[in-house]
Amino acid sequence: MRIVKEGGRIGLDFIKQLKLRNEETNKQVDAVVSEIIDTVRTDGDKALLAYTQKFDGRIPEKIEIDKTEIKDLASRCDPEFLKALQNAAENIRDFHMRQKQQSWLNTRPDGVIMGQRIRGLSRVGIYVPGGTAAYPSSVLMNAIPAKIAGVGEIIMVTPPGKGGKPNPDILAAALIAGVDRVFLVGGAQAVAALAFGTESIPKVDKIVGPGNIYVATAKKHLYGTVDIDMIAGPSEILIIADETANPKFLAADLMSQAEHDVLASAILLTTSEKIAEQTVAQLYEQMERLSRKEIIRQSLDRFGAVIQCRNMDEAVAFANELAPEHLEICAANPMEYIGKINNAGSVFLGNYSPEPLGDYYAGPNHVLPTSGTARFFSPLSVDSFIKKSSFIYYTEEALQSAQEDILRLARAEGLTAHANSIEVRR
Ligand SMILES: NC(=O)c1ccc[n+]([C@@H]2O[C@H](COP(=O)([O-])OP(=O)(O)OC[C@H]3O[C@@H](n4cnc5c(N)ncnc54)[C@H](O)[C@@H]3O)[C@@H](O)[C@H]2O)c1
Ligand SMILES: N[C@H](CO)Cc1c[nH]c[nH+]1
Ligand SMILES: [Zn+2]
């Protein structure tokens with residue numbers, strides 16, 4: 001864990017360095033992912049299974065889990081877990097229902113009618129991570145907004161669990177959220193399969209969902225062949241804390257994201273030297289009790305930092321520069337800062353809104369832009385699953401009153417066939 005005791009130019013330079021955190025990794029991963037994509041495009045299922053064997057160390061007993069098996073396996077889950085999943089689903093549904101946009105239509109007194117139709121996409125692929133941990137919560141976060149948007153068919157891919165079998169908790173979440181088909185493949189190969197279609201996996205219109213660097217890079221490469229939601233790669237947390245924050249909470253929250261991946265990033269910006277020192281001590285104390293301490297240690301060593309800022313304004317400026325996936329503000333008056341944050345996937349305000357509350361339960365989506373892309377991407381939402389089209393109806397009289405303007409515009413562009421289309425209706 002690096003500790004930077006100065007803000008100003010030194011702190012800012014350090015933040016800029018952190019932004020480049022995986023540039024080198026990206027180059028190596030790009031080459032691996034390109035090869036995977038090309039092979040899946042030409043060899044379909046054969047390549048899909050060969051890569052699954054190579055990278056997951058197993059192949060699924062069956063590539064697709066049918067509806068009966070989903071119901072059967074899901075029914076064996078711990079009832080308390082199912083109840084918690086249902087409660088979380090309710091909160092997520094409630095939040096995302098508010099995002100739903102309506103089609104609209106405008107009629108003018110001269111008889112002109114114009115409007116915009118909103119429809120769900122026909123078929124989307126949702127990626128649910130499952131390499132080093134299983135993510136039933138990500139099933140809910142992906143599929144619930146898709147369902148609300150009216151997507152025709154939701155195809156889910158996720159790496160095979162132990163022994164090539166499906167994880168029942170993931171299947172229970174798929175059932176609750178309304179997923180249509182489940183395939184047990186993961187990584188860049190699953191993303192490529194969704195983009196091109198294979199003998200067993202149908203081609204989709206859009207691929208959404210988070211994943212590790214291979215998954216995120218595959219989505220980036222395949223954008224254009226299919227639509228994608230955003231780059232949602234290895235997790236990140238940035239915390240801004242003043243002298244009133246609790247170092248125990250800060251350390252716990254930093255490690256909640258560090259445990260996702262050795263490439264995850266966890267950074268504390270604080271105005272207090274005491275808070276900085278106590279948080280570092282808490283990190284090493286609490287880490288010992290955590291099952292994924294090896295991942296946490298590596299992540300904190302490579303992409304973790306504590307930076308002492310000169311004041312809260314500087315901390316806010318650094319946060320906007322970094323554009324983190326998750327931003328916690330642990331300060332005496334957290335609401336004071338919400339209007340000053342321009343770049344962040346999701347903001348957690350106050351000492352009792354820890355990041356995992358958002359990961360699992362509160363309602364906002366946990367599929368969020370990473371690697372500084374919160375500068376231009378938004379969280380996954382109902383909007384990610386819709387498309388819009390407009391329509392126009394003009395009467396003969398309305399066209400006549402507009403014709404001179406249209407003709408002038410068409411002639412200025414030198415497009416006489418456009419002008420002709422108006423003239424023949426004179
Ligand atoms: N940004 C978000 O919204 C968000 C949400 C949840 C999780 N996450 C991130 O998702 C990720 C989950 O990662 P994970 O690894 O547990 O699961 P994953 O499903 O994303 O990746 C596992 C797959 O990666 C492939 N793979 C592994 N090593 C490889 C290699 N050397 N070469 C090529 N392919 C390889 C394998 O095929 C495997 O199936 C974490 O980085 C976590 O931080 C992000
Ligand atoms: N923090 C992850 C997004 O970066 C989401 C998640 C799912 N489960 C636990 N955490
Ligand atoms: Zn998390």
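Residues numbered from 1 in each chain as written. Chains lettered and ligands numbered in written order. Predicted model: local features only at pLDDT ≥ 70, side-chain atom pairs only at ≥ 80, totals over all residues. Heavy atoms only, no water.

Enquirer: Honestly, the pairing of strand 12 (residues 304–308) in this entry has me stumped. Any pointers?
Expert: Consecutive side chains of a regular strand alternate in pointing toward one face of the sheet and then the other. Counting buried positions along strand 12 yields 5 of 5 residues, so the element is predominantly enclosed. Where strand 1 (residues 2–4) meets strand 12, 3 bridges bridge the pair, whose relative direction is parallel. Paired with Arg 2 across the two strands is Ala 305, which belongs to strand 12. Pairing geometry for strand 11 (residues 265–270) and strand 12, over 5 bridges, is parallel. (Buried < 20%, exposed > 50% of the residue type's maximum accessible area, 1.4 Å probe, protein only. Helix = DSSP H or I, 4+ residues; strand = E, 2+ residues; numbered from the N terminus. Pairing = 2+ DSSP bridges.)

Enquirer: Where do I start with the site of ligand 2 in this structure?
Expert: Tyr 135, Ser 137, Ser 235, Gln 257, His 260, Glu 325, His 326, Glu 355, Asp 359, Tyr 360 and His 366 make up every residue found near ligand 2. In the environment of ligand 2, a nitrogen atom lies 3.3 Å from a nitrogen or oxygen atom belonging to the side chain of Ser 137. Within the side chain of His 260, one N or O atom sits 3.0 Å away from a nitrogen atom of ligand 2. Relative to its unbound accessible surface of 290 Å², ligand 2 loses 92% to contact with the protein. The element contributing the most residues to the shell around ligand 2 is helix 15 (residues 355–360), with 3 residues. Of the residues that constitute the shell around ligand 2, the class distribution is 2 nonpolar, 6 polar and 3 charged. (Near = heavy atom within 4 Å. Polar contact = N/O pair within 3.5 Å; in protein donor to acceptor, adjacent residues only side chain to side chain. Areas by Shrake-Rupley, 256 points an atom, 1.4 Å probe, with all protein chains shown as cover. Nonpolar A, V, L, I, M, F, W, Y, C, P; charged D, E, K, R; others polar.)

Enquirer: Hey, could you run me through the environment of Tyr 337 in this one?
Expert: Mapped onto the secondary structure, Tyr 337 falls in helix 14 (residues 335–338). Using a relative accessible area of 8% as the deciding quantity, one classes Tyr 337 as buried. Beyond its immediate sequence surroundings of up to four residues, Tyr 337 is in contact with Met 312, Val 316, Ile 329 and Ala 331. (Contact = heavy atoms within 4.5 Å.)

Enquirer: Sorry, what's going on with the domain arrangement of the protein chain here?
Expert: Where the parts come together, the accessible area they lose is often given as the size of the interface. For the protein chain, the domain assignment lists domain 1 (2–21 + 234–362), domain 2 (27–232) and domain 3 (394–423). Using only C-alpha atoms to locate each centre, domain 1 and domain 2 end up separated by 30 Å. With 10 residues of domain 1 at the interface, the matching set in domain 2 holds 12 residues. Among the residues domain 1 hides against domain 2, the three largest losses belong to Pro 234, Tyr 360 and Tyr 361. Together they make up 48% of the total. (Domains from an automatic or database assignment. Buried area = accessible area lost by both parts, 1.4 Å probe.)

Enquirer: Got a minute to help me understand the coordination of the zinc ion (ligand 3) in this structure?
Expert: Six octahedral donors around a metal ideally make angles of 90 or 180 degrees; four tetrahedral donors ideally make 109.5 degrees. Ligation of the zinc ion (ligand 3) by protein atoms is provided by His 260 (NE2) and Asp 359 (OD), these donors lying 2.1 Å from the ion. Taken together, the 4 donor atoms coordinating the zinc ion (ligand 3) and their angles of 85 to 179° define a geometry best described as irregular. One end of the pair, His 260, is in the loop between helix 10 (247–258) and strand 11; the other, Asp 359, is in helix 15, with 99 residues separating them in the sequence. Since its relative accessible area comes to 10%, Asp 359 is described here as buried. (Donors = N, O, S within 2.8 Å, 3.2 Å for Na, K, Ca; no water. Tetrahedral: all angles 85-135°; square planar, octahedral: opposite > 155°, others 65-115°.)

Enquirer: What's the story with the UniProt feature "binding site: NAD(+)" (unreviewed entry) in the protein chain in this structure? I'm lost.
Expert: Annotation from UniProt places "binding site: NAD(+)" (unreviewed entry) at Tyr 127, Gln 189 and Asn 212. Spanning 86 residues, the annotated positions come together in the fold, the maximum distance between their C-alpha atoms being 12.7 Å. For Tyr 127, the position within the fold is in strand 5 (residues 123–127). In this structure Tyr 127 comes out as buried when scored by relative accessible area, which is 3%. Setting aside anything within four residues of it in sequence, one finds Tyr 127 in contact with Asn 142, Val 157, Pro 159, Gly 186, Gly 187, Ala 190, Val 191, Val 208, Gly 209, Pro 210, Gly 211 and Val 215. A distance of 2.8 Å separates a polar atom in the side chain of Tyr 127 from the backbone nitrogen of Gly 187. (UniProt positions renumbered as here; feature names shortened; annotations may be inferred.)

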